Amino acid sequence: MTVYGAILEKGESWYTYMGKIFRAIGDAQKNYNWLISDADCFPMTPEFSDPLARESCWLTGEALTAMVEREDFQWIWAVLSGFPKEVPLERVLEHPLPYADGYEGFWKNPLTLQHPLAEVELVPWDSSATLVLSTRKELVEDYRRFSPLSEDLAQYNAQLR
């Protein structure tokens, strides 16, 4: 399965804000359920802080959208893995939790998603970059059009060698 990716590491101040990503992908986040893992973020809204402070949390696309619409807080680190709605949490948890800090796979080709059942992964990376990976080419292309300073992640990785 081919995975497409984008990286944005310039032209923005204080990455990563999900509201902007959601606009870029045409609100496609609503089509998924989301496993949020390895989160380091600082919402001011108490009911957001508790679940995001855990090892992982599971949200519908609608709940994630409502959270971001209420408070579009900054994400430092995280992996937001999007799953087709028919994939149950029990199946998702049969696999290791994705993580951002220290994961070297982002910087290797061919691109892969950390979670084998996910269709998309949104990754705030150390408050300095945003990664968007997906098996859906059009989702990454939409993000790249919205964020013209973003780069193709596979090409970016090829330049690292």
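Here, residues in each chain are numbered from 1, in the same order as that chain's written sequence. Under the rules for a predicted model, residues below a pLDDT of 70 receive no local features and side-chain atom pairs below 80 are neither given nor counted, while totals for whole chains, interfaces and linings still include all residues. Working from all heavy atoms in the structure, the side-chain values ignore hydrogens and water.

Novice: Explain the nonpolar core here, please?
Specialist: In a soluble, globular protein the nonpolar side chains are often hidden away together inside. Remark: nonpolar core denotes a set of buried residues (Ala, Val, Leu, Ile, Met, Phe, Trp, Tyr, Cys) joined through side-chain atoms within 4.5 Å. Three exposure classes are used, based on accessible area relative to the maximum for each residue type with a 1.4 Å probe and protein chains only: buried under 20%, partly exposed in between, and exposed over 50%. Ranked by internal contacts, the top residues of the largest apolar core, which has 30 residues, are Leu-52, Leu-64, Trp-75, Leu-80 and Leu-122. For Leu-122, the contacting residues outside a window of four places in its chain are Met-18, Ile-21, Phe-22, Trp-34, Ala-78, Val-79, Leu-80, Leu-131 and Val-132. By size, the runner-up hydrophobic cluster in this structure holds 22 residues, among which are Val-79, Val-87, Val-123 and Ala-129. The contact criterion used is simple: two residues touch if any of their non-hydrogen atoms lie within 4.5 Å.

Novice: What exactly am I supposed to notice about the pairing of strand S5 (residues 120-125) here?
Specialist: Consecutive side chains of a regular strand alternate in pointing toward one face of the sheet and then the other. Comment: elements are numbered from the N terminus, with helices defined as DSSP H or I runs of at least four residues and strands as E runs of at least two. Across the 6 residues of S5, 5 count as buried, placing the element largely inside the fold. Where strand S4 (residues 75-84) and S5 come together, 3 bridges link them in antiparallel fashion. Looking across to S5, one finds that Leu-80 is bridged to Leu-122. By definition, two strands form a pair when at least two bridges between them are found by DSSP. Connecting S5 to the antiparallel partner strand S6 (residues 129-134) that follows it, the hairpin turn spans 3 residues, and Asp-126 within it adopts a positive phi of roughly 55°.

Novice: When you look at helix H2 (residues 46-53) in this model, what are you seeing that I'm missing?
Specialist: When we look at burial in H2, the residues that qualify are Phe-48, Pro-51 and Leu-52. Projected down its long axis, H2 shows its buried positions confined to an angular sector of 95°, all on one face. Opposite its buried face, H2 presents the exposed residues Pro-46, Asp-50 and Ala-53, each directed more than 90 degrees away. Buried residues along H2 sit against strand S2 (32-41), strand S3 (56-60), helix H3 (61-70) and S4. Comment: arc refers to directions from the helix axis out to C-beta atoms.

Novice: What should I look at first to understand the pairing of S2 in this one?
Specialist: In terms of burial, S2 is largely enclosed, as 7 of its 10 residues are buried. As paired elements, S2 and S4 share 8 bridges and run antiparallel to each other. Within S4, the position partnered with Cys-41 by the bridge is Trp-75.

Novice: It is not clear to me how the sheet that holds strand S1 (residues 4-8) should be interpreted in this structure. Could you clarify?
Specialist: Backbone-to-backbone hydrogen bonds pair the strands of a sheet. The strands run either parallel or antiparallel. Spatial ordering of the open sheet is given by S3-S2-S4-S5-S6-S1-S7, a layout of 7 strands whose pairing is antiparallel. In this open sheet, the two strands that pair with only one neighbour each are S3 and strand S7 (151-152).

Novice: Even after reading the chapter, I still don't get the packing of aromatic side chains, so can you show me in this structure?
Specialist: For any pair of aromatic rings, the description rests on two quantities: the centre-to-centre distance and the angle between the ring planes. Each aromatic pair joins two rings of Phe, Tyr and Trp (for Trp, the six-membered one) with centres within 6.5 Å, and gets the label stacked for planes under 30 degrees apart, edge-to-face for over 60, and tilted for any other angle. Applying the stated criterion to the full structure yields 10 aromatic pairs. Ring geometry for Tyr-103 against Phe-106: centres 4.8 Å apart, planes inclined by 80°, an arrangement best described as edge-to-face. Each member of the pair, Tyr-103 together with Phe-106, is buried. Seen in terms of ring centroids, Trp-107 and Tyr-156 are 6.2 Å apart; in terms of plane orientation they differ by 50°. Their pairing is tilted. Of the two residues, Trp-107 is situated in the loop between helix H4 (89-92) and S5 and Tyr-156 in helix H6 (residues 153-160); the sequence distance between them amounts to 49 residues. Chaining the aromatic ring pairs together yields one cluster made of Trp-77, Tyr-99, Tyr-103, Phe-106, Trp-107, Trp-125 and Tyr-156.

Novice: Whenever I open this one, the side chain of Thr-45 confuses me. Can you help?
Specialist: Tracing the chain through its elements places Thr-45 in the loop between S2 and H2. Accessibility expressed as a relative area gives 10% for Thr-45, which makes it buried. Here a polar contact means two N or O atoms within 3.5 Å. Within protein one must be a hydrogen donor candidate and the other an acceptor candidate, and residues neighboring in sequence count only if both atoms are side-chain atoms. Of note is the side chain of Thr-45, whose polar atom sits 2.5 Å from the side chain of Glu-71. Those residues in contact with Thr-45 that lie beyond four places of it in its chain are Arg-70 and Glu-71.

Novice: Even after reading the chapter, I still don't get the environment of Leu-149, so can you show me in this structure?
Specialist: Mapped onto the elements, Leu-149 comes out in the loop between helix H5 (137-146) and S7. Sequence spacing of Leu-149 and Leu-8 is 141 residues, and the spatial spacing of their C-alpha atoms is 6.5 Å. For Leu-149, the residues in contact, after removing those within four places along its chain, are Leu-8, Lys-10 and Gly-11.

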